[in-house]
Amino acid sequence: MPQPPAAEKVLDLRSVIDDLVNDGRMSQADANILLGANRTRSQTAMHPLAYVASQGIDDQARPGKLLDGEALTQWMAQRAGLPVFHIDPLKIDVSKVTSVVSYAFAKRHSILCVGVTPDEVLIACAQPFLTGWEPQVEHVARRKVTRVFANPADVARYQIEFYTLARSVSGASGGPGASAVTNFEQLVDLKSLGDADADDKHVVNIVDWLLQYAYDQRASDIHIEPRREVGRVRFRIDGVLHDVYEFPATVAMAVVSRFKVLGRMNIAEKRKPQDGRIKTRRADDSEVELRLSTLPTAFGEKLVMRIFDPEVLLRSFHDLGLVGDDYNRWDGMLNRPNGIVLVTGPTGSGKTTTLYSSLRKVATSEVNVSTIEDPIEMVEERFNQTQVHHKIELDFAAGIRTLMRQDPDIIMVGEMRDLETAQMAVQAALTGHLVLSTLHTNDAPATVARLLDLGIPSYLINATLLGIMAQRLVRTLCPHCKEAGSIKREDWDALVAPWKVNLPDQVYRPVGCLECRNTGYLGRQGIFEILLLSDTIKELITDGCNLQTLRKQAMREGMRTLRLSGAQKIAAGLTTMEEVLRVAPPPERSDR
């Protein structure tokens, strides 16, 4: 490897390309093309590595791959003798790192503080051969400086985002300053974060950043939680919560108020829980809906926002993980003319996504699909959607009663919460409608017990219920970094019991890379347990039925437990045993 250039040398395009050619990473032909090209003003302003990465040049040292940002970052770090640092915003204390040096200083020297300890400051640099700034930082921070090299594009991006956020937080005060909302869904155009010196309303800036950040990180929920001195922000990503930021308590209150205004909620009412919704537009012009829920706590209002990506409605059953025999069973239920189909599982198990995808499949021009929901979670033009409104006595039962006079073919009920709702769903099924709904139970057989507990007679369950699907979501292994692993025979046998299933020849374990933010997992898929009501099963459903007997009979007829469904995902190399055990309940041992 060639010796690094002399210190205090600024990287320029010609020297970078020459070094790439000398190191066997770029062909001379490609080098000539890049050096002879007429660059636009924006391309001229780009960092040399960022410009090369944008051109899609073949990496001569890695046949079939390109000289992308990651490869160029690794190459330059090796030449400079610096460790590589991948900037993960979720793991950086923005308020602390932005207090080390000013934005102007960081921008002038192409650096970004990414970590602070009692003894040192960790500085990511985009110009690895410039070190003149080090003594100044050490003097101001009174700590030793440790330099690392990061992707120059990341350094430039997070310089703006971190300092814009820090400036907005420090300047935030008073109310949110938002205009009144008059329609059902407020459309909020998220402005791109501008220069750190841009003069903007601080709380609005924080809200914009928070939403953009959540979308970038693939978050499904945003939590803003008040504490005594601070307000903590957390994102749920692939089912797991991650700490994001801590605002001063007054700033957190202002941010919550801003969201409440956008969601058509009463900002003066802080003692009662409230619900609202917002529709936002991302930087790529796609729309995303959010459902808001507030809850009074000891230190103020807690706000949780559920993010509903409209692309969910475009996902196929294969994308959801519903394949093979499970898909055939579910599709068979959806194609029945009348009856009740139930999806069960805890909150966050994907029930709503499954129902919306199913309704979208059956919502043809020949049928009338109507829903009654609390609240409407995703707006779909193919459905006739109605929202529960308790203040005017429009609940689930009243909604179903009205929908039955609207000539529906398929009715979706958000949730069977009480006897009256369940009775109306049964009546709808008996009068020739297909009814889809959800319940909160641990598994499919337990749903029968839940219906009996609600007060539905067993003969009506047998007359109307077509089938039950229990589901959970497991994180799927990142395809970019997963590697071969192993499972002990006794652990596998315990997972698939009581079935005798061969241990798979190959299983995988999580590793972690940039694509999955070093978690080893990327995205989620469902595991399913589908119970069809055969004649034999119906004979077992009585007012005092034994769930264990019912479960065993269902398994003899082909029902696979959630854990067995998860085992199939493990054997297919999609997830791990730890994930399946985390979300799937253990085999039920007690009788009802």
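Residues numbered from 1 in each chain as written. Predicted model: local features only at pLDDT ≥ 70, side-chain atom pairs only at ≥ 80, totals over all residues. Heavy atoms only, no water.

- Naming follows an unreviewed UniProt entry, where the protein appears as GspE/PulE family protein of Gilvimarinus algae.
- The heading Sequence similarities (unreviewed entry) in the UniProt record of the protein holds the text "Belongs to the GSP E family." (UniProt positions renumbered as here; feature names shortened; annotations may be inferred.)

### Regarding the packing of helix α13 (residues 324-334) against helix α14 (residues 351-362)
And step 1. Contact geometry for α13 and α14: axes closest at 11 Å, N-to-C directions at 60°. By the angle between their directions, the pair α13 and α14 is classed as oblique. Where α13 crosses over α14, the two elements pack in a sense that is right-handed. Facing Tyr327, Trp330, Asp331 and Leu334 of α13, the residues of α14 in contact are Thr354, Ser358, Lys361 and Val362.
And step 2. Here the contact of α13 with α14 is built from residues that sort into four nonpolar, two polar and two charged. (Axes fitted to C-alpha atoms, helices over the stretch in contact; angles between N-to-C directions. Helix = DSSP H or I, 4+ residues; strand = E, 2+ residues; numbered from the N terminus. Parallel < 35°, antiparallel > 145°, perpendicular 65-115°, else oblique. Left-handed = near helix turned anticlockwise from the far one by under 90°. Contact = heavy atoms within 4.5 Å. Nonpolar A, V, L, I, M, F, W, Y, C, P; charged D, E, K, R; others polar.)

### Side note on the pattern of salt bridges
And step 1. Throughout the structure, instances matching the rule amount to 31 salt bridges.
And step 2. For Arg62, the salt bridge goes to Asp59, with nearest N and O atoms at 2.8 Å.
And step 3. Accessibility expressed as a relative area gives 2% for Asp59, which makes it buried.
And step 4. The salt bridge partner of Arg147 is Glu134, with a shortest N-O separation of 2.9 Å. Of this pair, Arg147 sits in strand β3 (residues 144-149) while Glu134 sits in helix α8 (residues 134-141), placing them 13 residues apart in sequence.
And step 5. A residue is classified by how much of its surface remains accessible, and Arg147, at 17% relative accessible area, is buried.
And step 6. Under the relative-accessibility criterion, Glu134 is labelled buried at 18%.
And step 7. Here the residues in one salt-bridge network are Glu225, Arg227, Arg232, Arg234 and Asp243, joined through shared partners. (Salt bridge = Lys/Arg side-chain N within 4 Å of Asp/Glu carboxyl O. Buried < 20%, exposed > 50% of the residue type's maximum accessible area, 1.4 Å probe, protein only.)

### A closer look at the side chain of Thr354
And step 1. Within the fold, Thr354 resides in helix α14.
And step 2. Since its relative accessible area comes to 3%, Thr354 is described here as buried.
And step 3. In contact with Thr354, not counting residues within four places along its chain, are Leu320, Trp330, Met469 and Gln471.

### Observations concerning the nonpolar core
And step 1. Grouped together as the largest cluster of nonpolar side chains are 86 residues, with contacts concentrated most on Ile222, Ile224, Phe235, Phe247 and Phe259.
And step 2. Once residues within four sequence positions are removed from consideration, Phe235 is found in contact with Leu90, Leu210, Tyr213, Ala214, Gln217, Ala219, Asp221, Ile222, Val240, Leu241, His242 and Val244.
And step 3. Membership of the second largest hydrophobic core comes to 41 residues, among which are Ile411, Ala428, Leu533 and Ile537. (Core = buried A, V, L, I, M, F, W, Y, C linked by side-chain atoms within 4.5 Å.)

### Quick look at unusual backbone geometry
And step 1. Of note, the bond from Ala497 into Pro498 is cis; its omega dihedral lies within 30 degrees of zero at 10°.
And step 2. Along the polypeptide, Pro498 turns up in the loop between α19 (489-496) and β18 (507-509).
And step 3. A positive phi angle, close to 55°, is found at Arg142, a residue other than glycine.
And step 4. Classification of Arg142 as exposed rests on a relative accessible area of 75%.
And step 5. For Arg517, which is not a glycine, the phi torsion comes out positive at approximately 60°.
And step 6. For Arg517, the position within the fold is in the loop between β18 and β19 (521-532).

### Re the sheet that holds strand β15 (residues 434-439)
And step 1. Read from one edge of the open sheet, seven strands run β13-β12-β14-β15-β11-β16-β19, paired in mixed fashion. Single-partner strands in this sheet number two, and they are β13 (384-387) and β19. For this sheet the average axis-to-axis angle between neighbouring strands, irrespective of direction, equals 20°.
And step 2. As paired elements, strand β11 (residues 339-344) and strand β16 (residues 465-477) share five bridges and run parallel to each other. Within the sheet, the bridge partner assigned to Val343 lies in β16 and is Met469.
And step 3. Packing of helix α15 (residues 396-403) onto the sheet brings it into contact with β12 (369-373) and β14 (410-413), and relative to β12 it is tilted by some 165°. (Pairing = 2+ DSSP bridges.)

### Brief notes about the sheet that holds β3
And step 1. Spatial ordering of the open sheet is given by β1-β2-β3, a layout of three strands whose pairing is mixed. Single-partner strands in this sheet number two, and they are β1 (111-116) and β3. Shown here is a sheet whose adjacent strand axes are inclined to one another by a mean of 30°, direction ignored.
And step 2. Bridge count between strand β2 (residues 120-125) and β3: six bridges; the pairing is parallel.

### Section: the side chain of Lys260
And step 1. As for its position among the elements, Lys260 is in helix α11 (residues 249-262).
And step 2. In this structure, Lys260 is in contact with Met265, Asn266, Ile267, Glu269, Lys270, Gln274, Thr294 and Glu301, ignoring residues within four places of it in sequence.

### Structural notes on the packing of aromatic side chains
And step 1. Going through the model one piece at a time under the given rule, you end up with eight aromatic pairs.
And step 2. Each ring, one from Tyr245 and one from Phe247, has its centre 4.8 Å from the other, and the planes form 45°; the classification is tilted.
And step 3. Tyr245 sits in the buried class, given a relative accessible area of 6%.
And step 4. Residue classification places Phe247 among the buried positions, given a relative accessible area of 1%.
And step 5. Between Tyr356 and Phe383, the aromatic rings sit 6.1 Å apart at their centres with planes inclined by 50°, giving tilted as the arrangement. With Tyr356 in helix α14 and Phe383 in the loop between β12 and β13, the pair connects residues that are 27 residues apart, well separated along the chain. For the pair shown, Tyr356 and Phe383 are each scored as buried.
And step 6. Each residue in the set Trp209, Tyr213, Phe235, Tyr245 and Phe247 is aromatic and connected to the rest through ring pairs, giving one cluster.
And step 7. The ring of Tyr51 carries the charged tip of Arg39 above its face, separated from the ring centre by 5.3 Å.
And step 8. The residue whose ring lies beneath Lys482 is Tyr508, and the NZ or CZ to ring-centre distance is 4.7 Å. (Phe/Tyr/Trp six-rings, centres within 6.5 Å; stacked < 30°, edge-to-face > 60°. Lys NZ or Arg CZ within 6 Å of the ring centre and 35° of its normal.)

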